[in-house]
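Secondary and tertiary structure notes
Chain residues, written in single-letter form:
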Amino acid sequence: MLWSYILKLVILLPLVCGLMVGCVWLWRRLESRMPGKATTRLVQVRETMMISPGLRLAVLDFEGKRLLVSVGRGGVTLVDKVGS
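Quick summary incoming for the structure in this document.

Calculation notes
- Residues numbered from 1 in each chain as written.
- Predicted model: local features only at pLDDT ≥ 70, side-chain atom pairs only at ≥ 80, totals over all residues.
- Heavy atoms only, no water.
- Salt bridge = Lys/Arg side-chain N within 4 Å of Asp/Glu carboxyl O.
- Helix = DSSP H or I, 4+ residues; strand = E, 2+ residues; numbered from the N terminus.
- Buried < 20%, exposed > 50% of the residue type's maximum accessible area, 1.4 Å probe, protein only.
- Pairing = 2+ DSSP bridges.
- Polar contact = N/O pair within 3.5 Å; in protein donor to acceptor, adjacent residues only side chain to side chain.
- Contact = heavy atoms within 4.5 Å.
- Disulfide = S-S within 2.5 Å.
- Axes fitted to C-alpha atoms, helices over the stretch in contact; angles between N-to-C directions.

1. Section: the pattern of salt bridges
- The tally for this structure, following the rule as stated, stands at two salt bridges.
- The partner of Arg-46 in a salt bridge is Asp-61, with the nearest N and O atoms 2.5 Å apart. Highlighted residues: Arg-46 in strand S1 (residues 43–52) and Asp-61 in strand S2 (residues 55–62), separated in sequence by 15 residues.
- Residue classification places Asp-61 among the buried residues on the basis of a relative accessible area of 15%.
- Notably, a salt bridge pairs Arg-66 with Asp-61, separated by 2.9 Å at the nearest N-O pair.
- Overlapping salt bridges, with partners in common, bring together Arg-46, Asp-61 and Arg-66 in one network.

2. Here's the deal with the pairing of S1
- In this sheet, S2 lies alongside S1 in antiparallel orientation, the contact comprising eight bridges. In the strand pairing of S2, Gln-44 is matched with Asp-61.
- Linking S1 to S2, which pair antiparallel, is a turn of two residues.

3. A short note on the side chain of Asp-61
- Within the local environment of Asp-61, its side chain forms a polar contact with the side chain of Arg-66, the two groups lying 2.9 Å apart.
- In this view, Asp-61 contacts Leu-42, Val-43, Gln-44, Arg-46 and Arg-66; residues no more than four positions away in its chain are not counted.

4. A look at the environment of Cys-17
- Examined against the element boundaries, Cys-17 turns out to sit in helix H1 (residues 2–31).
- In this structure Cys-17 comes out as partly exposed when scored by relative accessible area, which is 39%.

5. Re the state of the cysteines
- Taken as a whole and judged by the stated rule, the model has zero disulfides.
- Considering cysteine sulfurs only, Cys-23 is the nearest to Cys-17, which forms no disulfide, with 12 Å between them.

6. Notes on the sheet that holds strand S3 (residues 65–72)
- Overall, antiparallel pairing links the four strands, which are arranged S1-S2-S3-S4 in an open sheet. A single partner strand is all that each edge strand has here, and the edge strands are S1 and strand S4 (75–82). On average, each strand axis in the sheet is inclined to that of its neighbour by 25°, with strand direction left out of account.

7. Examining the pairing of S4
- As judged from the seven bridges shared by S3 and S4, these two strands associate in the antiparallel manner. When the sheet's bridge partners are listed, Ser-70 is paired in S4 with Thr-77.
- With antiparallel pairing between neighbouring strands as the criterion, S3 and S4 make up a hairpin whose turn holds two residues.

8. Structural notes on unusual backbone geometry
- Backbone geometry places Glu-63, a non-glycine residue, at a positive phi of 50°.
- Judged by relative accessible area, which is 61%, Glu-63 ranks as exposed.

Okay, here's the thing in structure tokens:
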């Protein structure tokens, strides 16, 4: 009696865990295709560059303007702005 329970547990537990992981993977893959989601974003990150271990430069496009921002532990700082 105990051996049949352990055998069922050894077989069914990995099966149920695999099904759960598969469902989460499928949900994340199909989530972007669901209707009602905005396809265009207002802000687009064009390029990033690591300057030092705690500092990164990023080029962003926002409403026809190109922004150069510095991103660090202290926050985000606008470095330069190009565009109308």
